[in-house]
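# Breakdown of the fold
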Amino acid sequence: MTLDLPALADAAKDSWALGTGSVYELRAAAARQGWAEVPMRSTDSALSVLRPQSQADAAPNSLSAVHGLGEQPLHTDGAHLRWPPDWIALVVDEPNSTATKLWRLPTGSGGVPWNALLNGIFLVSSGPDRFLTASGDGRGVRYDPTCMVPCDQRAKCAAEFFSEAEESAEDHTWHRSREILLINNRKALHGRRAVADTTDIASRTVHRIAFTLEGR
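Note that the structure is a prediction, hence the values are computed from the model and not measured.

## Here's the deal with the nonpolar core
Membership of the largest hydrophobic core comes to 22 residues, with the highest contact counts inside it found for Trp103 and Phe162. For this core, the secondary-structure elements that each account for two or more residues are α4 (114-119), β7 (122-126) and α5 (153-164). Here this core takes 5 residues from α5, the largest share from any one element. Once residues lying within four places of it in the same chain are set aside, the contact partners of Phe162 are Trp103, Leu117, Ser135, Val141, Tyr143 and Leu189. Judged by nonpolar contacts, the second largest core, of 18 residues, contains Ala17, Ala30, Trp87 and Leu182.

## Brief notes about the environment of Pro150
With respect to the helices, strands and loops of the structure, Pro150 is situated in strand β9 (residues 148-150). Pro150 gets classed as partly exposed once you look at its relative accessible area, which sits at 28%. Linking Pro150 and Leu123, residues 27 residues apart in sequence, is a C-alpha distance of 6.4 Å.

## Some details on the packing of aromatic side chains
For any two aromatic rings, the description comes down to two numbers: the centre-to-centre distance and the angle of the planes. Counted under the stated rule, the structure contains 7 aromatic pairs. Seen from their ring centres, Trp35 and Trp87 are 5.5 Å apart, and the 5° between their planes marks the pair as stacked. Residue Trp35 is located in strand β2 (residues 35-38), and its partner Trp87 is located in strand β5 (residues 87-92); the two are separated by 52 residues in the primary sequence. Each member of the pair, Trp35 as well as Trp87, is classed as buried. Seen from their ring centres, Phe161 and Phe162 are 5.3 Å apart, and the 55° between their planes marks the pair as tilted. Comparing Phe161 with Phe162 shows no difference in burial state: the two are buried. One aromatic cluster is present, formed by Trp103, Phe122, Tyr143, Phe161 and Phe162 through successive ring pairs. Just above the ring of Trp16 sits the side chain of Arg104; from NZ or CZ to the centre is 4.2 Å.

Cut-off values and rules
- Residues numbered from 1 in each chain as written.
- Predicted model: local features only at pLDDT ≥ 70, side-chain atom pairs only at ≥ 80, totals over all residues.
- Heavy atoms only, no water.
- Core = buried A, V, L, I, M, F, W, Y, C linked by side-chain atoms within 4.5 Å.
- Buried < 20%, exposed > 50% of the residue type's maximum accessible area, 1.4 Å probe, protein only.
- Helix = DSSP H or I, 4+ residues; strand = E, 2+ residues; numbered from the N terminus.
- Contact = heavy atoms within 4.5 Å.
- Phe/Tyr/Trp six-rings, centres within 6.5 Å; stacked < 30°, edge-to-face > 60°.
- Lys NZ or Arg CZ within 6 Å of the ring centre and 35° of its normal.

Structure (structure tokens):
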């Protein structure tokens, strides 16, 4: 059965949705829709293979370099990029017991400090590239405590808002083979629970592809 990516994206328009398929099927479906693949680093492929790593083994400036096998905080992928991707797809070949945690931005104005998100200034560091930005814009949010440092009181308020979101994060455990988790990267944050099962250190493999909607 052909992966129905438009239906999956519609289900994930405000948060995330689950589908079934392979990395090949996902990339083919995205190409048909005109989605452009986005590498997280200029020297990397757009397709990343994520495995639990100790701090010593992790790539510099990555979440694993800071947190190792421990719990990783909620974040949006590509927050260090000038133009963060619109969608993040996580795909597993086989089940594993280390959950991915998820949190959706509340809809409506209640409970969201939009003044802080839209006007607070963060310093973003991405290797030699450093720039100032807010955590919110007219399309959604970006946030990663690893690469974004608050520069004023409103940004500190925004960072506290995302930190408090940890308390209401939901867990997704990978129970099925060929499972796809499509995340709206501008409306939802995700992270990884601590690696509790030592077998996951060797066996947990998550394929990640980031997409931008062409012509947006």
